[in-house]
Amino acid sequence: MEIELSAFVQNVCKKYGNDKSRLIDILWEFQDRFGCINGEMMDLIAKEISSYRIDVEGVVSFYSFFSKEQKGKIIIRLCNDIVDEHAGMKKIAETFSKELGIGIGKTSADGKFSLEYTSCIGMSDQAPAALVNDVVVTNLTAEKVREIVSSLKENMDPSKLVQQTGDGNNFHQLIHAMVNNNIRKRGEVLLAENITPNAGLTKALEKTPAEVLQEITDSKLRGCGGAGFSTGMKWKMASGFEAERRYVICNADEGEPGTFKDRVLLTERANLVIEGMTIAGYAIQSQFGILYLRAEYRYLRPYLEDVLETRRKAGLLGKNINGKTGFDFDIRIQLGAGAYICGEESALISSCEGLRGEPKNRPPFPVEKGYLNFPTVVNNVETFAHAARILDRGAIWFAGFGTEKSAGTKLISVSGDCERPGIYEVPFGIEVAELLKLAGADRPAIIQVSGPSGKMIGRTQLNRKICFEDLPCGGSFMTFSTDRNVLRIVENFLEFFIEESCGYCTPCRVGNTFLKQQIEKVMKGFASKDDLQYLKDLGQTMKMTSRCGLGTTSPNPVLSSLEHFPIVYSTLVKQENDGLEAGFNIQVALEESRRIAKRSSMIYDPVYAHNENE
């Protein structure tokens, strides 16, 4: 066995050139083959790639899809975001647990099954949903769960769970998923039916790189991941630094709960996305592209690999692309391993480099020193698809959609309490009320725009417009009816941020936990007005002092709910006039100290004196 393992390690590492920057790929091979990456494996891998065990273990322990302990042959990951919770995930989890005979976070004694929770898997429009290894199962019910478990116990083959495929390319043999696209509204840019394949790339190659950069700049295209930085400016900056090589990275790691638009684009517009990346490569004179695919969308990888290979054979990737002498560009897929923070561009670059997905200090910014310290453009799936359309139809055409500072259309993933959850391509500037009407949300009370890191608004804000001038939206749009508890929604979001914080900086690592404790205090009716002020102060401190976007935006659910739902908080606040804190229990507060010190308190524990006298 030792010789076998040693040979396996050598073969796998050799496959990736013994390159430690490909560590994520190497670790996936071990996780898939053995169901874990144990200490012996980590030692051998470190030796082969000239690294250290501590570095390898640091990566293994960072990503939720890797494990040092043995996992079951089939891992069932239940999505526990707020939309899935409202859709009945608790009952689904109980049924899975009963049928498998194991609790959440456990592995069956025979080593066949592991059952665990995971953050958003990009299926909020068909919740409750789960991953069974790489197979997505949607619209779960208790009855469906019993059928799933019965099937798995009989044949141990998750692929047999897909009895009926979803619409569009979900039917493709290389995808073969029960996932539905749920495209509810097609706009004229990305989801239009009459898009001519590779028209943007053909026209781009008729221009100089400088002319392509100017076309993108004139279109006023802004990054579609949420930050909204000018795409033209980003590309110009990356092309302006002297460098031996440059990189183009597509961020396909949408992990914000409630977001699933990139899933649909990768399924239905993969060629357009790759075309946009190729145009970016030409514009900044890059030869190398990376498509960073989140692990939750692994089921799309065979299809995407096939798209890349087909384009290579057609001369649309590789050397002298489309007959343009001297323009060489190719793309590889980097599979993520389950870490929300990798949606942040510098953390994503770290992950591509085989490191823990921790954000990097800035400056320098990625356009100057990004992947492997070379100038790098990182844009998301939607942005690259837009770029291809802009080169096809022109900057003036694209800028004709939307508002003055928010050009073009926006793909919005609508989920929650509405009749028609799904994808809507709308021009920037659409009012919240109009989008709610399109989605069939007839009793909206709470609207979360741009995911948990975005803003929470109420019914008095329905006339606000989705655009960078007013209410920016990275893609997630969750609506909740009057039946929902706003504080439970905030609590769920904080649980998500606590789970997904990389733990590097104290404000984020500790602050989110403190925020959650205070929200729980409010929910129990133990909070005072001072506690509400504490929530505001702590939230603002986190925004000012956290190291990256996760920590600076994670207080948003608390701060925006305090701003727009003050009555909910005020009705639960108690003002004590006796100087005592409502609900404070000294015995409960001291319990942890007793456990650590292994002794009781002389003052507060009435049993102490009795025991001491015995």
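Residues numbered from 1 in each chain as written. Predicted model: local features only at pLDDT ≥ 70, side-chain atom pairs only at ≥ 80, totals over all residues. Heavy atoms only, no water.

**Q** Honestly, the overall build of the chain in this entry has me stumped. Any pointers?
**A** The number of helices and strands found in the chain is 25 helices and 15 strands. The globule rule puts the C-alpha radius of gyration for 614 residues at 25 Å, and the 25 Å found for the chain is close to it. For the chain, the spread of C-alpha atoms along the principal axes amounts to about 95 × 65 × 50 Å. Burial status across the chain gives 57% buried among its 614 residues. Considering only residue pairs separated by 6 or more positions, the chain has 70% of its internal contacts joining residues 24 or more positions apart. Averaging the locations of the 73 positively and 80 negatively charged side chains of the chain gives two centres separated by 2 Å. (Helix = DSSP H or I, 4+ residues; strand = E, 2+ residues; numbered from the N terminus. Rg over C-alpha atoms; globule rule 2.2 N^0.38 Å. Buried < 20%, exposed > 50% of the residue type's maximum accessible area, 1.4 Å probe, protein only. Contact = heavy atoms within 4.5 Å. Lys, Arg positive; Asp, Glu negative; His and termini not counted. Charge placed at Lys NZ, Arg CZ, Asp CG, Glu CD.)

**Q** Would you mind showing me how to read the packing of aromatic side chains here?
**A** Two measures describe an aromatic ring pair: the distance that separates the ring centres and the angle between the ring planes. For the coordinates displayed, the defined rule picks out 18 aromatic pairs. Aromatic pair Phe8 and Phe34: ring centres 5.3 Å apart, planes at 85 degrees, arrangement edge-to-face. Linking Phe8 in helix H1 (residues 2–15) with Phe34 in helix H2 (residues 23–34), this pair joins segments that are 26 residues apart in sequence. Per residue, the accessibility class of Phe8 equals that of Phe34, and both read buried. Between Tyr247 and Phe374 the ring centres are 6.1 Å apart and the planes differ by 45 degrees, which places this aromatic pair in the tilted class. With a gap of 127 residues between them, Tyr247 in strand S7 (residues 247–252) and Phe374 in the loop between helix H14 (345–352) and strand S10 (376–380) connect regions that are remote in the sequence. For the pair formed by Tyr247 and Phe374, the shared burial category is buried. Every member of this aromatic cluster is reached through a ring pair, and the members are Trp28, Phe62, Tyr63, Phe65 and Phe66. Here the basic side chain of Arg298 rests over the ring of Trp28, its NZ or CZ set 4.3 Å away from the ring centre. When the ring centre of Tyr504 is taken as origin, the NZ or CZ atom of Arg547, which lies over that ring, is 3.7 Å away. (Phe/Tyr/Trp six-rings, centres within 6.5 Å; stacked < 30°, edge-to-face > 60°. Lys NZ or Arg CZ within 6 Å of the ring centre and 35° of its normal.)

**Q** Explanation requested: the sheet that holds strand S4 (residues 130–132) in the structure shown.
**A** Remark on secondary structure: sheet strands pair via backbone hydrogen bonds, oriented parallel or antiparallel. The mixed open sheet is built from 5 strands, whose spatial order is S2-S3-S1-S4-S5. Of all the strands in the sheet, just strand S2 (106–107) and strand S5 (135–137) have a single pairing partner and so form its edges. Alignment of S4 against S5, held across 3 bridges, turns out to be antiparallel. Looking at the pairing, Ala130 lines up with Val137 of S5. (Pairing = 2+ DSSP bridges.)

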